[in-house]
Amino acid sequence: MEKVIIVGSGCAGLTAAIYAARGNLNPLVLEGRQPGGQLSTTTLVENFPGFPDGIDGPQLIMNMHAQAEKFGARFSYSEVTDFEGLADHIRVKLDDEKWLETRALIIASGAAARYLGLENEEKLIGHGLTSCATCDGAFYRNVPVCVIGGGDSAAEEALFLTKFASKVYLIHRRDKLRASKIMADRVLACDKIEPIWNTVVTRYLPDEKGEMSAVMLRNVATHEERELPVACVFVAIGHDPNTKAFQGKLETDPDGYLLARHLAESKHPGVFIAGDVADRVYKQAVTAAGSGCAAALEAEKYLSGLEK
Ligand code: NAP
């Protein structure tokens, strides 16, 4: 029986691992389908405190990994596919069909940005295709960019990008924004943002170096197609929390985000929650790290309560 299993190895999971390992809990980290989480696919991270010159996302993750390992955290390239919460312990099923038992579980399985599912997509991520304006916006100064989506995320990203880009096209599949009125009003009042309504992106058009140079658009009303030159495409069509293994077993909101009570605690004894798997608002590396810390401290408190 393990003392603590941590599901996920992004910022939240690794911070939980550092704290749990330093608390002598000998945690086992199940790294998941995307080891390192969303930071492992970004480039320069300029807003993580302590790095005035920024730090590469993958480097930041490697540092956290090394720090957790130094204090005794163990790692396994496994994904959790099922979960069973029993009265005094928890069982998780791995992708190799094996079940593990643990006294406490920290779920930090993150969320994955939705993309369009077009050809070349995976190759272009980090080469002019991204889902994070706060991470990558500053690299696109004085060039045209586009944002895809019509919700609050798209509105927020578009407004943020006006600080850098020469022009921000907001490409939305309908003729009305889904974003809250205040955000929609701001977007529509901004000279630098040009909405392109009733339109979808049908193809990414990279240059010969493999960097994004344009997108092919199709007007869904007229079926007209045209090319739009852009240096970067910011996809903001929502995120999906990685909670498939926990659906129907732990409390989630209608979109599948896990619901945490008092900071990191779930309703099930011994199950703690950290990071984007429960965060539909901030979604920042530093907030994920903070909640990973809280989850590990809560787990430590819970385990010492069991020993009494
Ligand atoms: P969202 O509200 O679900 O909006 C997603 C947008 O992407 C919608 O406009 C949707 O179009 C479009 N979309 C979805 N799939 C698409 C596809 N395959 N192709 C093209 N377009 C597609 O997601 P979100 O903007 O990430 O917001 C999620 C939640 O977080 C919301 O509750 C939001 O209010 C909240 N949030 C709040 C703030 C804030 O208050 N500052 C900031 C960000 C997010 P349709 O409109 O046609 O469905």
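Look up a bit, the structure's there.
First, a word on scope: everything that follows refers to the structure included in this document. (Residues numbered from 1 in each chain as written. Predicted model: local features only at pLDDT ≥ 70, side-chain atom pairs only at ≥ 80, totals over all residues. Heavy atoms only, no water.)

### What to know about the overall build of the chain
Here's step 1: What the chain contains, in helices and strands, is 7 helices and 19 strands.
Here's step 2: Computed over C-alpha atoms, the radius of gyration of the chain comes to 21 Å, within 12% of the 19 Å expected from 2.2 N^0.38 for 308 residues, which places it in the range of a compact globule.
Here's step 3: Along the longest, intermediate and shortest principal axes, the C-alpha atoms of the chain span 65 × 40 × 35 Å.
Here's step 4: Pairs at least 24 apart in sequence give 58% of the contacts found in the chain among residues at least 6 apart.
Here's step 5: Accessible surface, the chain: about 15,300 Å² in total, of which carbon and sulfur atoms supply 50%.
Here's step 6: Side chains of the chain carry 33 positive and 41 negative charges; the gap between the two charge centres is 4 Å. (Helix = DSSP H or I, 4+ residues; strand = E, 2+ residues; numbered from the N terminus. Rg over C-alpha atoms; globule rule 2.2 N^0.38 Å. Contact = heavy atoms within 4.5 Å. Areas by Shrake-Rupley, 256 points an atom, 1.4 Å probe, with all protein chains shown as cover. Lys, Arg positive; Asp, Glu negative; His and termini not counted. Charge placed at Lys NZ, Arg CZ, Asp CG, Glu CD.)

### With respect to helix α2 (residues 57–70)
Here's step 1: For α2, built from 14 residues, the straight-helix expectation of 20 Å at 1.5 Å per residue is met to within 8% by its first-to-last C-alpha distance of 20 Å.
Here's step 2: If you check which residues of α2 are buried, you get Gly 57, Leu 60, Ile 61, Met 64, His 65 and Ala 68. Along the axis of α2, the buried positions cluster into a sector of 135°, meaning they face one direction only. Opposite its buried face, α2 presents the exposed residues Met 62 and Lys 70, each directed more than 90 degrees away.
Here's step 3: In this structure, the buried side of α2 is in contact with α1 (11–22), β3 (44–45), β4 (55–56) and β5 (74–76).
Here's step 4: Phi turns positive one or two residues past the end of α2, at Gly 72, with a value near 110°. (Expected span 1.5 Å × (residues − 1). Buried < 20%, exposed > 50% of the residue type's maximum accessible area, 1.4 Å probe, protein only. Arc of directions from axis to C-beta.)

### Quick word on the site of the ligand
Here's step 1: Neighbouring residues of the ligand: 15 residues in total, closest Asp 152, Ser 153, Glu 156, Arg 174 and Arg 178.
Here's step 2: In the model, an oxygen atom of the ligand is placed 2.6 Å from a nitrogen or oxygen of the Asp 152 side chain.
Here's step 3: Residue Arg 174 places a side-chain N or O atom 2.8 Å away from an oxygen atom belonging to the ligand.
Here's step 4: Protein coverage of the free-state accessible area of the ligand, which is 910 Å², stands at 69%. (Near = heavy atom within 4 Å. Polar contact = N/O pair within 3.5 Å; in protein donor to acceptor, adjacent residues only side chain to side chain.)

### Comments concerning helix α7 (residues 285–307)
Here's step 1: Between its first and last C-alpha, α7 extends 33 Å over 23 residues, near the 33 Å set by a 1.5 Å rise per residue.
Here's step 2: For α7, the full list of buried residues reads Ala 285, Ala 288, Ala 289, Gly 292, Cys 293, Ala 294, Ala 295, Ala 296, Glu 298, Ala 299, Tyr 302 and Leu 303.

### Quick notes on the sheet that holds strand β11 (residues 144–148)
Here's step 1: Judged by pairing direction, the sheet is parallel, and its 5 strands sit side by side in the order β10-β17-β11-β12-β13 without closing on themselves. For this open sheet the edge positions go to β10 (129–130) and β13 (193–196), each flanked by a neighbour on one side alone.
Here's step 2: Looking at chain direction, β10 and strand β17 (residues 232–235) are connected through 2 bridges and run parallel. Within the sheet, the bridge partner assigned to Leu 129 lies in β17 and is Val 233.
Here's step 3: Set on the sheet, helix α5 (residues 152–161) makes contact with β11, β12 (167–171), β13 and β17; between it and β11 the angle comes to about 170°. (Pairing = 2+ DSSP bridges. Axes fitted to C-alpha atoms, helices over the stretch in contact; angles between N-to-C directions.)

### Structural notes on the sheet that holds strand β14 (residues 199–206)
Here's step 1: In space, the 3 strands of this open sheet follow the order β14-β15-β16, with antiparallel pairing throughout. At either end of the open sheet lies a strand with only one pairing partner, and these are β14 and β16 (225–229). Pairwise comparison of adjacent strand axes, ignoring direction, gives a mean angle of 30° for this sheet.

### Quick word on the packing of α1 against α7
Working note: a packed helix pair is described by the angle between its axes plus the distance between those axes.
Here's step 1: Running from N to C, α1 and α7 point in directions that differ by 35°, and their axes come no closer than 7 Å. Considering only the axes of α1 and α7, their crossing is right-handed. Judged by residue contacts, Cys 11, Ala 12, Thr 15, Ala 16, Tyr 19 and Ala 20 of α1 engage Ala 285, Ala 288, Ala 289, Gly 292, Cys 293, Ala 296 and Leu 297 from α7.
Here's step 2: Grouping the constituent residues of the contact of α1 with α7 by class yields 11 nonpolar, 2 polar and no charged. (Left-handed = near helix turned anticlockwise from the far one by under 90°. Nonpolar A, V, L, I, M, F, W, Y, C, P; charged D, E, K, R; others polar.)

### What to know about the state of the cysteines
Here's step 1: Tallied over the full model, the rule gives 1 disulfide.
Here's step 2: At a sulfur-sulfur separation of 2.0 Å, the disulfide partner of Cys 132 is Cys 135. Across the S-S bond linking Cys 132 and Cys 135, the dihedral sits near 75°, which makes this disulfide right-handed.
Here's step 3: For Cys 135, a relative accessible area of 24% translates into the label partly exposed.
Here's step 4: Between Cys 11, a free cysteine, and Cys 135, which holds the nearest cysteine sulfur, the sulfur-to-sulfur gap is 11 Å.
Here's step 5: Free cysteine Cys 232: the closest other cysteine sulfur is in Cys 146, separated by 7.9 Å. (Disulfide = S-S within 2.5 Å.)

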